[in-house]
Amino acid sequence: MTLWLQRQEAIERRSAYLYWIFHWHDKLELEDADDEGRDETSDGEDEDINQEEFTVLKELLDSNVSRAFQVTKHPTFLHVSIPTLQSRYGATHFLAALKIFLDQHIPNHTIPHEYDHFDLYSRISLLLPSRSHVANNKRLTHLHATAAKPRQGTRKPVPARFDTALIIEDADTFHTEGGFAGELLSPMIAILVLTQIGIVGLRPARIRVIFQLPAHLGHFPHPLLYVEWFRPLRTPDPMTGFYLTSHSTRNRSRACAIVSADQVLRGCHLIPRFGPDTVNPSWRSEHVLDEDIDFFHNHYIDFYMFEYVMK
């Protein structure tokens, strides 16, 4: 009888922990305001914007929506120049990539030039569907694209953060293999219902810039992302089972592109491919993704990624 009671208590503690992980933990994240601040020319109060964002995300968590993305109602940084994007965000080929995107999606657009300025978002939030074998609650995940901050007075310097994600590169293949139906609910939120998702049609990329297309260049319904491509995930490594990738290059420089926010499926975790040699002591988490090395795609990072890859 004593052993049975101990097991019941253990089950109850684990259930409470899982509930906290997949419910309260995510809601507490929403209450943590980004310490990145807004540009001096920003309009509105941070407190009101954070509360509004919290309300929208809370409604998504409690809704019957399978998947969604969301950005703040107002951009975090305003009127950022292209030289700043190149030097602080690493968006070296931003202007060239933007011209290609506009040619493909907005006919008769105004030609962008080096004197244009852009409003940036610091992050994009993605809603992950519930999984009955994990928890009945949906989860939120956040992908950041923020430049480094130097030391200011007593404040410590903040390293840059450019997260990696799985991007729907080949929409036709992805639709054929998995299929999804989309509905735009508002400029802030797009809903995507996804089924039978696999690795086909997806490609890892590093998000450098999240921005809104200026009105004088044309109209596009979603925010845009400047990304650096990694090579497609083709064949798993026979020893680890991880998919192997590396930086994709074009004309001896990093391959890049502008993609729509509705192409972002979810975040992903890339780790260096450690071999028999001694690990380079100069590698740090802040900049190891800049190295010209091979990376493993870690599909054990959570249950959701494991299902995406192993289906």
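Caption draft 1: Broad picture of the overall build of the protein. When helices and strands are tallied, the protein shows six helices and 18 strands. Looking at the 311 residues of the protein, the share that counts as buried comes to 48%. Looking at the protein alone, contacts between residues at least 24 apart form 70% of all its contacts between residues at least 6 apart.

Caption draft 2: Structural context of the nonpolar core. Within the largest apolar cluster, 46 residues are counted, with the highest numbers of intra-cluster contacts made by L85, F94, L98, F118, L120, F211 and I258. The element that contributes the greatest number of residues to this core is helix α4 (residues 94-105), accounting for six residues. Discounting chain neighbours no more than four positions away, the residues touching L120 are P75, T76, F77, V80, L85, Y89, V209, I210 and F211. L202, Y243, I293 and M305 belong to the second-largest nonpolar core, a separate cluster that totals 17 residues.

Caption draft 3: Structural detail: the confidence of the model for the protein. For the protein, the average pLDDT comes to 78, and 72% of its residues sit at 70 or higher. Element-level mean pLDDT values for the protein span from 37 in strand β8 (residues 180-184) up to 97 in strand β11 (residues 224-229). Below a pLDDT of 50 lies the segment residues 25-49, which in the model reaches 47 contacts outside its immediate sequence neighbourhood of four places, other chains included. Predicted confidence for residues 178-197 stays below pLDDT 50, and this span has 59 contacts to residues more than four positions away or in other chains.

Caption draft 4: Representation of the packing of aromatic side chains. One pass over the full model with this rule turns up ten aromatic pairs. A centroid spacing of 5.7 Å and a plane angle of 55 degrees characterise the contact between F242 and F296, whose relative ring orientation is tilted. You can see F242 sitting in the loop between β11 and β12 (243-246) and its partner F296 sitting in strand β18 (residues 294-297), a full 54 residues away along the chain. Taking the relative accessible area as the measure of exposure, F242 reaches 13% and is therefore buried. Accessibility expressed as a relative area gives 8% for F296, which makes it buried. The side chain of R208 reaches across the aromatic face of F162, ending 4.7 Å from its centre.

Caption draft 5: The arrangement of the pairing of strand β15 (residues 256-260) in detail. Most of β15 sits out of view: five of its five residues are buried. Across five bridges, the pairing between β11 and β15 is antiparallel. Bridging across to β15, Y226 finds its partner in I258.

Caption draft 6: Structural view of α4. Its twelve residues place the ends of α4 16 Å apart at the C-alpha level, agreeing with the 16 Å of an ideal helix rising 1.5 Å per residue. Buried residues of α4: F94, L95, A97, L98, F101 and L102, and no others. Across the axial projection of α4, the buried residues extend over an arc of 160 degrees, all falling on one side. When the buried face of α4 is taken as reference, the exposed residues oriented beyond 90 degrees from it are D103 and Q104. Where the residues of α4 are buried, they touch α3 (82-88), β3 (117-121), β10 (202-212), β11 and β15.

Cut-offs used in this document
- Residues numbered from 1 in each chain as written.
- Predicted model: local features only at pLDDT ≥ 70, side-chain atom pairs only at ≥ 80, totals over all residues.
- Heavy atoms only, no water.
- Helix = DSSP H or I, 4+ residues; strand = E, 2+ residues; numbered from the N terminus.
- Buried < 20%, exposed > 50% of the residue type's maximum accessible area, 1.4 Å probe, protein only.
- Contact = heavy atoms within 4.5 Å.
- Core = buried A, V, L, I, M, F, W, Y, C linked by side-chain atoms within 4.5 Å.
- pLDDT = per-residue confidence, 0-100.
- Phe/Tyr/Trp six-rings, centres within 6.5 Å; stacked < 30°, edge-to-face > 60°.
- Lys NZ or Arg CZ within 6 Å of the ring centre and 35° of its normal.
- Pairing = 2+ DSSP bridges.
- Expected span 1.5 Å × (residues − 1).
- Arc of directions from axis to C-beta.

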